[in-house]
Amino acid sequence: MAYSEKVIDHYENPRNVGAMDKDDSGVGTGMVGAPACGDVMRLQIKVNEQGIIEDAKFKTYGCGSAIASSSLVTEWVKGKTLDEAMTIKNSHIAEELELPPVKIHCSVLAEDAIKAAVEDYRSKQGAGHSHAEVAAAQVAH
Amino acid sequence: MNQPQIIDLESKKPLLIDPDRPIYLDYQATTPVDPQVLEQMLPYLTHDFGNAASRSHAYGWTAEKAVEKARQQVADALHADPREIVWTSGATEATNLALKGAAHFYSGKGKHIITLRTEHKATLDTCRQLEREGFEVTYLEVQEDGLLDLKAFEAAIRPDTIIASVLFVNNEIGVIQPMEEIGRILRTHKVLFHVDAVQALGKIPVDVEAIQADMMSVSGHKIYGPKGIGALYVRRKPRVRVEAQVHGGGHERGMRSGTLPTHQIVGMGAAAELAVQLMDADAQRIGKLRDRLLKGIQDRVEETYINGSMEHRVPHNLNISFAFVEGESLIMALKEIAVSSGSACTSASLEPSYVLRALGKSDELAHSSIRFGIGRFTTEAEIDATIELIAGKVGKLRELSPLWEMHLEGIDLNSIQWAAH
């Protein structure tokens, strides 16, 4: 499998690897995928009082393209509002990383992870800071 | 330790230890031609180029003599008679000839064939073809350690069973099937026994009499001989008949036509003789390297799982799954080591190794498996470098893995309702 230089760069030097407190009301967590399918992505965003994503962290179990896609979106969502983050499409990710057709699903998963993280944050806000379960933040894709 | 090496003839430097190339640990995929073998092959490409079928001049006689010497060498390696050896283009063709050839010849007696789910694709795909032609095939399950359950095997034999085909040593997990017991059962029930001995020859003793094999496929390039050459053993007493699959000239007593590739045959003969000569020394040295590799990995990496029996296994193979890391990223991380993975992630639909699945391994563990194939030219330094790489890279990927984090937190991954993919 020939990977683009960008995929290899993100794979070898992944940005923003880590975890945040998923019970923090200012943190949104999105976990998508399934181990049996070979990809699980967890994206976490920290949203400030102005509604701006000020930090993002990820951990991914998956192929090089999946790791690169999630690493890339942590860079992209930082500094964006939630609505702006929701406009990131898998096609942008696939284009930026020059993903081959068989790896498009990795970019789809990364887009889903953003949506799941934003939805988790919003549900926490709307539900009066209730603790959302990690599993509840998953979306089918 | 007296370590065999492949030396460049001009520079006198070892050819296989090259800092610019990955460490080669894929000896079950293929092996380099041993220089001693190559030396014997070369004259037959240039000076002694005759056609072994030319009966009327010395060029043909020289080629024929070389072919017959090689036939004797391969026969000796299998404890067979040279008249029982048929040259083919490789073991895949040998297996095709054995199964299709015997199935076609004996189809009047019955149309049932028995094989295992963990066989090589050469056997499985040939059986699929025979099913399309109206034969019926039983694909037997194996036990968790990869070994055949002899009772289940015997129970699968029917009055119309004509052939059973069993892989002596599994190419992915290196387990050795109980061939003598299988041979005894089949002989009692008068069922023909085809053995795929590709991964056994040169690694453990192979004796067609001891295991009562009726047909046996072997290959040149797995025993430090050239690619493109193999052989099928076909028993003479009691006589086993196979229908030719390749026609044109009636070579190989009508069983396989086509001009014989003298240089490759010479290479396979020399390689077979050398493989038997070096078998004990190779196995002892390679076994030490394998144990060193296994201990090194187990000392440094938690949550590893060995695939297949360690007791009934050739020392040349180690197959390990690394939990909580994904197979393709593992292979990508291990680009400095040439190994095979249980994961065929070249397409969007991930297809984990059918052999590991047959052992009852989960998709995740099948995906994250690595086959280490150790061979004649593997060095201790290469093994030590491999241990370092594995420990470092698996550690790095686990740092990245949300599943590993959950495992450390004591969360049972099976308790989570994962979204459909």
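Residues numbered from 1 in each chain as written. Chains lettered and ligands numbered in written order. Predicted model: local features only at pLDDT ≥ 70, side-chain atom pairs only at ≥ 80, totals over all residues. Heavy atoms only, no water.

*Asks:* Looking at this structure, how should I read the confidence of the model for chain B?
*Replies:* The predicted coordinates should not be examined in detail at positions where pLDDT is low. Averaged over all residues, the pLDDT of chain B equals 93, while 94% of them reach at least 70. Interface predicted TM-score (ipTM) for the complex: 0.87; the corresponding pTM is 0.89. (pLDDT = per-residue confidence, 0-100.)

*Asks:* Help me understand helix H4 (residues 90–97) of chain A in this model?
*Replies:* Residue and element names in this part refer to chain A. Every buried residue of H4 is listed here: Ile93, Ala94 and Leu97. Down the axis of H4, the smallest arc covering the buried residues is 95°, so these residues share one side. Among the structural elements, helix H1 (5–12), helix H2 (64–77) and helix H5 (104–126) are those in contact with the buried residues of H4. Two residues or fewer after H4 comes Glu98, characterised by a positive phi angle close to 50°. (Buried < 20%, exposed > 50% of the residue type's maximum accessible area, 1.4 Å probe, protein only. Helix = DSSP H or I, 4+ residues; strand = E, 2+ residues; numbered from the N terminus. Arc of directions from axis to C-beta. Contact = heavy atoms within 4.5 Å.)

*Asks:* I would appreciate a short explanation of the interface of chain B and chain A in the present structure.
*Replies:* Many descriptions give the size of an interface as the accessible area lost when the pieces come together. Taken together, the contact pairs 30 residues of chain B with 35 residues of chain A. With both sides pooled, the region where chain B packs onto chain A buries about 2,800 Å², and carbon together with sulfur makes up 62% of that total. Notably, a salt bridge pairs B:Lys335 with A:Glu12, separated by 3.0 Å at the nearest N-O pair. For the pair chain B and chain A, the interface holds 13 residue pairs in polar contact (both at pLDDT 80 or more). The residue makeup of the side of chain B that touches chain A, split by class, is 16 nonpolar, 6 polar and 8 charged. (Buried area = accessible area lost by both parts, 1.4 Å probe. Salt bridge = Lys/Arg side-chain N within 4 Å of Asp/Glu carboxyl O. Polar contact = N/O pair within 3.5 Å; in protein donor to acceptor, adjacent residues only side chain to side chain. Nonpolar A, V, L, I, M, F, W, Y, C, P; charged D, E, K, R; others polar.)

*Asks:* Is there a simple way to explain the pattern of salt bridges in this structure?
*Replies:* Any two side chains of opposite charge can pair if their charged atoms end up close together. Counting across every chain of the model gives 32 salt bridges over all chains. Two residues, A:Arg15 and A:Glu75, come together in a salt bridge whose shortest N-O distance is 3.3 Å. Taken together, the residues A:Arg15 in the loop between H1 and strand E1 (27–34) and A:Glu75 in helix H2 connect sequence positions 60 residues apart. A relative accessible area of 22% places A:Arg15 in the partly exposed class. Between B:Glu388 and B:Arg300 there is a salt bridge, with the nearest N and O atoms lying 2.9 Å from each other. With B:Glu388 in helix H11 (residues 380–400) and B:Arg300 in helix H7 (residues 262–300), this residue pair connects regions lying 88 residues apart in the sequence. For B:Arg300, a relative accessible area of 45% corresponds to the partly exposed category.

*Asks:* Please explain unusual backbone geometry as it appears in this structure.
*Replies:* Among all residues except glycine, the phi angle is most often negative; among peptide bonds, the trans geometry is most common. Along the chain, B:Lys237 connects to B:Pro238 via a cis peptide bond; the corresponding omega equals -10°. Structurally, B:Pro238 can be placed in the loop between strand E8 (230–234) and H7. A positive phi angle, near 55°, is found at A:Asn16, a position not held by glycine. Mapped onto the fold, A:Asn16 is located in the loop between H1 and E1. The class for A:Asn16 is buried, based on a relative accessible area of 18%. One non-glycine residue with positive phi stands out, namely B:Lys190, at about 55°. With respect to the helices and strands, B:Lys190 occurs in the loop between helix H6 (179–188) and strand E6 (192–196).

*Asks:* How should the pairing of E8(B) be read in this particular structure?
*Replies:* Regular strands have side chains that alternate between both faces of the sheet. Residues and elements named next belong to chain B. Counting buried residues in E8 gives 5 out of 5 residues, a clear majority hidden from the surface. Two strands pair when backbone bridges link them, and strand E2 (residues 85–88) and E8 are joined in this way by 4 bridges, in the antiparallel orientation. When the bridges of E8 are listed, Val86 appears paired with Leu232. (Pairing = 2+ DSSP bridges.)

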